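# Breakdown of the fold
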Amino acid sequence: MSQGHPELAEKFIANDERMHWHDKALWFVRAKRDNASKGVAEWEDLRDCAAKIKMHTIDHLDSYLLEFEKNALAKGIHIHWAYDAQEHNEIVLKLLQEKKVQKLVKSKSMLTEECHLNPYLEAAGIEVVDTDLGERIVQFRKEPPSHIVLPAIHLKKEDVGTTFEEFLHTQKGNSDPTYLTRAARVHLREKFLNADAAMTGVNFGIAETGGFVVCTNEGNADLGAGLPKLHIASMGIEKIIPKLSDLAIFTRLLARSATGQPVTSYTSHYHAPVVGGELHVIIVDNGRSDIIKDKDFRQSLQCIRCGACINTCPVYRRSGGYSYGYTIPGPIGSTLGANRNISLYKTLPFACSLCGSCSNVCPVKIDLDQQLYKHRQTVVAQNLLGFKKHTILKVATWVMKHPKILDFSGKMARAIVPKLPRSIVYSKANLWGKQRELPPFPKQSFKEAYQAKKGDRK
Amino acid sequence: MNAKEKILANIKNNVPAIKEPMPQTNIAHVHFENKEEKFEAALASVGGNAITLSHESIDAFVAKHYPDAKVITSTIDGLTCKNKDANEQDTPHFLEDVDLAIVEGEFGVAENGAVWVKNPKNKHRVLYFIAQRLLIIVPKGALVDTMHEAYERVKFNTSGYGTFISGPSKTADIEQALVIGAHGPTDACVLFV
Ligand code: SF4
């Protein structure tokens, strides 16, 4: 990543009107989540339980994965293991080539995004169609998703309208969401009916039964996987849950946290291929098993990808998904990205106000803000902060350690700064003042004011 | 080492010595005084509707409410309104022209308007998604409060496919505007019989 979060965010906030629109759109989703969660009296018990199930599963992940494999094989489901993204992509391509697949339909899977599967398959001459409406929109535009649940949240309906004019020949200037959705429906039906194979992600893999669950609102996963003879599902190792009945906990939390719906339109349980077809599950690690080792970051593997932490994040809402430069944006993406490569994603732990709202809404109670706080310390310890910030913090630390000097510099600042011209106070060195006004300087420091008050009381 | 061995060895190496026990999952949860009412309201909130049939037949109901449906198929025996056999061919693509699919659901879930649909007699699972409109027949009174009771009834000892369907297919991917009828059925009615 050549540019960090501040530089990329700058581009997004350059359009003030759109930035505020984006902020409002996400807050709307957050508000729906609040409403839905408040309607469930046992909400906190559900979160507690979900977090514990996930942690328990991670702590026993080797045995649960083996149990899943054994039970899946017994049901005629093929299992593959991929250590990294490259292996995953090779397995997919091999399966597709064996069946001479030319056209593939895909439902949403952040894992395949993470593995950069689409360009890999396209380079091998396979047509890949993302069938989630939001994903199809960004695929037309050659953009990555800007959100894990709402891939096209950064676009206005007019943007979608012009995109569809170009690719689906819709009426010029018509940006009515229903009209555009119907146009996509017709276009994608044709893709579904002509596909040679389908790929889906996995929301939950059930060790006890060897099957898996996919949740969608659009029905695209089921329509895609229900027609061709080959269905490949990619599953990160952390998607496993022990028992079928654990789904009660997770299905009650997922959609309410994601969009405020009581449940997704479809919660589909796959425990067999279609008639005369094949069902393959690829179990993917790609760095996940390394995260288990670190107790500070292990919890990030509990994530069920609901997007709630993203919707609530004051930084994400105002900086957009592309400012993160990582497949998954927002608080969860920042910690996962930093875990993957701290020097590449060194700005992400700082794309955070440490307000803790993410951890408060997370249905599996991941300590997201704490993780980002810890990543910051690693950034500093590894000398990745950048000269300017590093020097400022060094000087500040030194000053704060010397109360006399702190008092003196405070006094000087209060006396001098208000008299300086703007050009000096808001010079390039003042990073903080770039888009912000300094508050008016008080006459006294807190310490002085406190001493004076104490004097009065005596 | 192959990928599987590498992954499992890495996990084994990295998991902590003190492990989280499996928690109790049967947590205390809500019970509704009137499950029917709650189910109807929940389903309405996601764009679906629920109707209880009194003495009318399913055929009469269909004639009245789906006058435009030309191709009608069903997994239920004995319906006269049905004019296409959903299991006729081994490849499901012939179902693409289905206007109305009348299918069986086992029970509804009051808290979220979902119906559990799992029918080994239905050859093509895509039927629930490819039909333009869906009518789900559920036995009168077959309602549970929440997903907790629902999963007490869901079993996958053998292979198969099953899905909870809560209303019609929908999307809000264009500027958060809710549009009913994304890829799957544009309407989904639950009929208690
Ligand atoms: S970290 Fe928590 S809130 Fe964020 S996407 Fe994952 S489960 Fe949802």
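Predicted model, so just to flag it, every value in this text is computed and none were measured. (Residues numbered from 1 in each chain as written. Chains lettered and ligands numbered in written order. Predicted model: local features only at pLDDT ≥ 70, side-chain atom pairs only at ≥ 80, totals over all residues. Heavy atoms only, no water.)

### Quick look at the interface of chain B and chain A
Listed per partner, the contact involves 75 residues of chain B and 94 residues of chain A. Across the contact surface, chain B and chain A share four salt bridges. Glu69 of chain A serves as the salt-bridge partner of Lys4 of chain B, at 2.7 Å between the closest nitrogen and oxygen. On inspection of chain B and its partner chain A, the count reaches 44 residue pairs in polar contact (both at pLDDT 80 or more). Going through the elements one at a time, α1 (3-14), β5 (114-117), α4 (127-130), α5 (147-153), β8 (161-165), β9 (170-171) and β10 (179-180) of chain B are the ones with two or more residues in the side of chain B that touches chain A. In terms of residue count, α1 of chain B provides more of the side of chain B that touches chain A than any other element does, nine residues in total. By residue class, the composition of the side of chain B that touches chain A is 35 nonpolar, 26 polar and 14 charged. In terms of strand pairing, strand β9 (residues 266-270) of chain A meets β8 of chain B through five bridges, oriented antiparallel. Note on β8 of chain B: the bridge partner recorded for Tyr266 of chain A is Ile165 of chain B. (Contact = heavy atoms within 4.5 Å. Salt bridge = Lys/Arg side-chain N within 4 Å of Asp/Glu carboxyl O. Polar contact = N/O pair within 3.5 Å; in protein donor to acceptor, adjacent residues only side chain to side chain. Helix = DSSP H or I, 4+ residues; strand = E, 2+ residues; numbered from the N terminus. Nonpolar A, V, L, I, M, F, W, Y, C, P; charged D, E, K, R; others polar. Pairing = 2+ DSSP bridges.)

### Comments concerning the sheet that holds strand β1 (residues 49-52) of chain B
Residues and elements named next belong to chain B. Taken together, five strands build an open sheet; the order of strands is β1-β11-β6-β3-β2 and the sheet is parallel. Each of the sheet's edge strands pairs with one partner strand only, and the pair in question is β1 and β2 (72-74). Adjacent strand axes in the sheet meet at a mean angle of 20 degrees when their direction is disregarded. Here helix α3 (residues 58-65) sits on the sheet and contacts β1, β2, β3 (100-104), β6 (133-138) and β11 (187-192); the angle it forms with β6, its principal contact strand, is near 155 degrees. (Axes fitted to C-alpha atoms, helices over the stretch in contact; angles between N-to-C directions.)

### Some words on the packing of helix α4 (residues 61-74) of chain A against α1 of chain B
It is the contact of α4 of chain A with α1 of chain B, at a shortest axis distance of 8 Å, that shows an interaxial angle of 145 degrees. Taken together, the residues of α1 of chain B that come into contact with α4 of chain A (itself represented by Leu61, Asp62, Leu65, Leu66 and Glu69 of chain A) are Lys4, Leu8, Ile11 and Lys12 of chain B. Class assignment for the residues of the contact of α4 of chain A with α1 of chain B results in five nonpolar, no polar and four charged.

### Quick word on the pairing of strand β1 (residues 78-82) of chain A
Residues and elements named next belong to chain A. β1 sits mainly inside the fold: four of its five residues count as buried. Across five bridges, β1 lies against strand β10 (residues 278-284) in parallel orientation. In the sheet register, His80 faces β10, and the bridge partner there is Ile282. (Buried < 20%, exposed > 50% of the residue type's maximum accessible area, 1.4 Å probe, protein only.)

### What about the pattern of salt bridges?
All names here are of chain A. Under the definition given, this model contains 36 salt bridges over all chains. As a salt-bridge pair, Asp34 and Arg33 come within 2.6 Å of each other at their nearest N and O atoms. Owing to a relative accessible area of 13%, Asp34 belongs among the buried residues under this scheme. Linked by salt bridges that have partners in common, Glu114, Glu238, Arg288, Arg305 and Arg340 make up one network.

### Some remarks on the state of the cysteines
For the coordinates displayed, the defined rule picks out zero disulfides over all chains. The thiol sulfur of Cys313 of chain A is not disulfide-bonded, and the nearest other cysteine sulfur, from Cys355 of chain A, lies at 6.6 Å. Cys189 of chain B carries a free sulfur, and the closest cysteine sulfur to it, the one in Cys81 of chain B, is 13 Å from it. Of the residues examined, Cys189 of chain B reaches a relative accessible area of 2% and is grouped as buried. (Disulfide = S-S within 2.5 Å.)

### Side note on the domain arrangement of chain A
Split by domain assignment, chain A resolves into domain 1 (40-286), domain 2 (302-381) and domain 3 (401-457). Just the C-alpha atoms count here: the centres of domain 2 of chain A and domain 3 of chain A sit 32 Å apart. (Domains from an automatic or database assignment.)

### Some thoughts on the confidence of the model for chain B
The pLDDT averaged across chain B works out to 96; a share of 100% of its residues lies at or above 70. The complex model carries a pTM of 0.93, and its ipTM stands at 0.97. (pLDDT = per-residue confidence, 0-100.)

### Some remarks on the site of the ligand
Neighbouring residues of the ligand: 13 residues in total, closest Cys303, Cys306, Gly307, Cys309 and Cys362 of chain A. A breakdown of the residues in the shell around the ligand according to their chemical character gives 11 nonpolar, one polar and one charged. (Near = heavy atom within 4 Å.)

### Concerning the sheet that holds β9 of chain A
Here we have eight strands laid out as an open sheet, ordered β8(A)-β5(A)-β6(A)-β9(A)-β8(B)-β5(B)-β4(B)-β7(B), and mixed in their pairing. Each edge of the open sheet carries a strand with a single partner, namely β8 (240-241) of chain A together with β7 (143-144) of chain B. Bridge count between strand β4 (residues 107-109) of chain B and β5 of chain B: three bridges; the pairing is antiparallel. Along β5 of chain B, the bridge assignment pairs Val109 of chain B with Ala114 of chain B.

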